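The primary structure of each chain is shown beneath.
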Number of protein chains: 2
Amino acid sequence: MLGIGIDIGGTNTKLIVADKTGKIFRTLRFSTLPEKGVDSFIQRLSENVLKLKNEYGDEIKSIGIGSAGDVDPEKGVIRYSPNLDWRNVELTSHVTRLTSLYCVVENDANMAAWGAFATEFGKKKVNAFVITLGTGIGSGIILDGKLYHGSTGSAGEAGHLIIENNGRLCNCGKRGCLEAYCGSIGILKRAGEVIKDTNAFVKKYYAGGEFNTIALTKAALSGDKTAIKLFEDTGKYLGHGLSNMILLLNPEYIILTGGVSNAKELFLPSMLEVFKNQPISTPFESVKVKVSDNPELGSIGAALYGIETFEMK
Amino acid sequence: MLGIGIDIGGTNTKLIVADKTGKIFRTLRFSTLPEKGVDSFIQRLSENVLKLKNEYGDEIKSIGIGSAGDVDPEKGVIRYSPNLDWRNVELTSHVTRLTSLYCVVENDANMAAWGAFATEFGKKKVNAFVITLGTGIGSGIILDGKLYHGSTGSAGEAGHLIIENNGRLCNCGKRGCLEAYCGSIGILKRAGEVIKDTNAFVKKYYAGGEFNTIALTKAALSGDKTAIKLFEDTGKYLGHGLSNMILLLNPEYIILTGGVSNAKELFLPSMLEVFKNQPISTPFESVKVKVSDNPELGSIGAALYGIETFEMK
């Protein structure tokens, strides 16, 4: 049996075909283009699913989808996604109608958490917090070995924890959200304020590339002091946001994943420094911080969650 | 069967004798006087327990204790309590030695949460967040009907969530903690900054009393604009702190308890206003806020938790 795992990101949507062990057989990508509207997206998504179904046949039984934003897993609806600017998207019913496959949707960070849990912890009874550092920031919570949804499936909106009162404007409309500082959009905004000539900056450190977090990472690793400071500050902001989570939930593990986490050596030291200076020290001394090396955690988690829930239904 | 429930507060320590239904038969109080040191406290606590044991005999089987601060329930140790200024207090072993009774200790907010859960929800499978607004601020987390401890028993340190970067100095040594604004000490500090003549203020609104949150409540209810504004601000700060919890944990219920919650009509409207203005609206629309009318929740919870764990051992 195989399952399709789908990760809907602000920029790209990724589809994989995987088996129960998390082994990936095939990967497909297309541009999300959220501004083209929901109908267009569901159409293009389903066409890609049918392409995979055509290739792998009846072995594929299920679709698991991870989407940014506030998702109602029970109804299969994306209630609100600030980064996609979508509201009340009835997703799974339409995908099932168009593809004839069982389909489940969850918050993308929940799916990354499930991927980490299933592949890295072998479903042990751990308390773990998975933070996805991408365009935006999400989190998935595993408590005593189970995905924690909260009462309406909205738990884990870590990107919108306030870390600065009346701080930077976030995509969600609030001010001071963690995401507005440490999501890649937030990092680049902060960078644009201190790097005067971004073209020259890119030319120097990332010839042929864009002004993005890869360029900033390359610059920092080449010793550029402005870029180094930007990542140090990112670590501090992350440390403040995660401190609040640790004080509330006292997890055994924090797992960082998503594109920004590739710059781990640049922001982890200042993040861990914030943990060290906490007067209520026990939960900070005991928490183990891991950065996942697996860039496919979200889509693998979605595929495995789809297979698991299909088999349990 | 009866159990003793003990609530160690910064000012007073309260002992009750209760049965399994939470019915209270007897209440005793003594001054905590944390500055006299741990040995003195344990001695005085045990003397009061023996007094109750003398009155009720062998019917009393267990002691449940709720203490402010970071508690290790497994080892029976208060690891750190900022308000009592105690570290690494081996509590249950000494109390059992001096009283010959089974003894368990938990964070006081956990015990209030257990009291609310056992008496108000009949142990239903709810997700509830109990906030104790006293001298300091604590919280207890009930997830799917169980007391949630986290990996080292430190979960629920809601009083030390940061709500203002580089904000007011907290008893714990950090700046900007929720407790530094909304615990009674924090409220009185803020009040002292805007009320110039506190003696005249007390004389006017609370003759014979002290400058405390009761005086402020009486003043606000009499229309004093400064006092009204202080509680409105308290509600805003609380709203910000609780927003972060709601975004993370998406509970069905928030229960407010502790002395400050008696001023509910003065701070709840501005607190709920913060909830109303959240762009990720689902978890805020679904959460039900209750203020517990039961002032004994902490000690009843401790008594019931002591009885429950004694019977399960």
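Residues numbered from 1 in each chain as written. Chains lettered and ligands numbered in written order. Predicted model: local features only at pLDDT ≥ 70, side-chain atom pairs only at ≥ 80, totals over all residues. Heavy atoms only, no water.

Asks: Looking at this model, I keep getting lost on helix 1 (residues 38–56) of chain B. Mind explaining?
Replies: Residue pairs spaced three or four apart in an α-helix point in one direction, given the helix's 3.6 residues per turn. All names here are of chain B. Over its 19 residues, helix 1 runs 27 Å from end to end, which matches the ideal 27 Å to within 8%, given 1.5 Å per residue. Among all positions of helix 1, only F41, I42, R44, L45, S46, N48, V49 and L52 are buried. Next to the buried residues of helix 1 lie strand 1 (2–8), strand 2 (12–19), strand 3 (24–31), strand 4 (60–67), strand 7 (86–90) and helix 2 (92–99). Backbone geometry just after helix 1 places G57 at a positive phi near 65 degrees. (Helix = DSSP H or I, 4+ residues; strand = E, 2+ residues; numbered from the N terminus. Expected span 1.5 Å × (residues − 1). Buried < 20%, exposed > 50% of the residue type's maximum accessible area, 1.4 Å probe, protein only. Contact = heavy atoms within 4.5 Å.)

Asks: Would you explain empty space enclosed by the protein in this entry?
Replies: Empty space left among the atoms is revealed by rolling a probe the size of a water molecule over them. Residue and element names in this part refer to chain A. Tallied over the full model, the rule gives two cavities of 30 Å³ or more. Of the volumes computed, that of the largest cavity is approximately 100 Å³. Every residue along the wall of the largest cavity is listed here: N83, T135, G136, L169, C170, N171, E179, A180, I185, G186 and K189. Only helix 4 (179–182) and helix 5 (184–194) provide two or more residues apiece to the lining of the largest cavity. Of the residues that constitute the lining of the largest cavity, the class distribution is four nonpolar, five polar and two charged. Its boundaries defined by the atoms lining it, the second largest cavity holds a volume of some 30 Å³. (1 Å grid on protein atoms, 1.4 Å probe; cavity = no way out; pocket = protein on both sides within 12 Å on 5 of 7 lines; lining within 4 Å. Points joined across faces, edges and corners; volume = space filled by probe spheres on them. Nonpolar A, V, L, I, M, F, W, Y, C, P; charged D, E, K, R; others polar.)

Asks: I'm lost on the environment of F284 of chain A in this one. Help?
Replies: Residues and elements named next belong to chain A. One can find F284 in helix 10 (residues 282–286). Residue F284 is classed as buried on the basis of its relative accessible area of 7%. With 33 residues separating them along the chain, F284 and P251 place their C-alpha atoms 9.3 Å apart. Excluding residues within four positions of it along the chain, F284 makes contact with S243, I246, L247, F275 and Q278.

Asks: Just to check I follow, could you spell out the relation of the copies chain B and chain A for this structure?
Replies: Both copies of the chain are related by one operation, a rotation about an axis with a shift along it. Between chain B and chain A, the superposition needs a rotation of 180 degrees and an axial shift of 0.0 Å, giving an RMSD of 0.0 Å. Classification of the inter-copy transformation places it as that of a two-fold axis. Judged by C-alpha distance, E164 of chain B is the residue of chain B that lies nearest the rotation axis, at 3.3 Å. By residue overlap, the copies meet face to face through one surface: 100% of the interface positions of chain B are interface positions in chain A. (Least-squares fit on C-alpha atoms with pLDDT ≥ 70 in both.)

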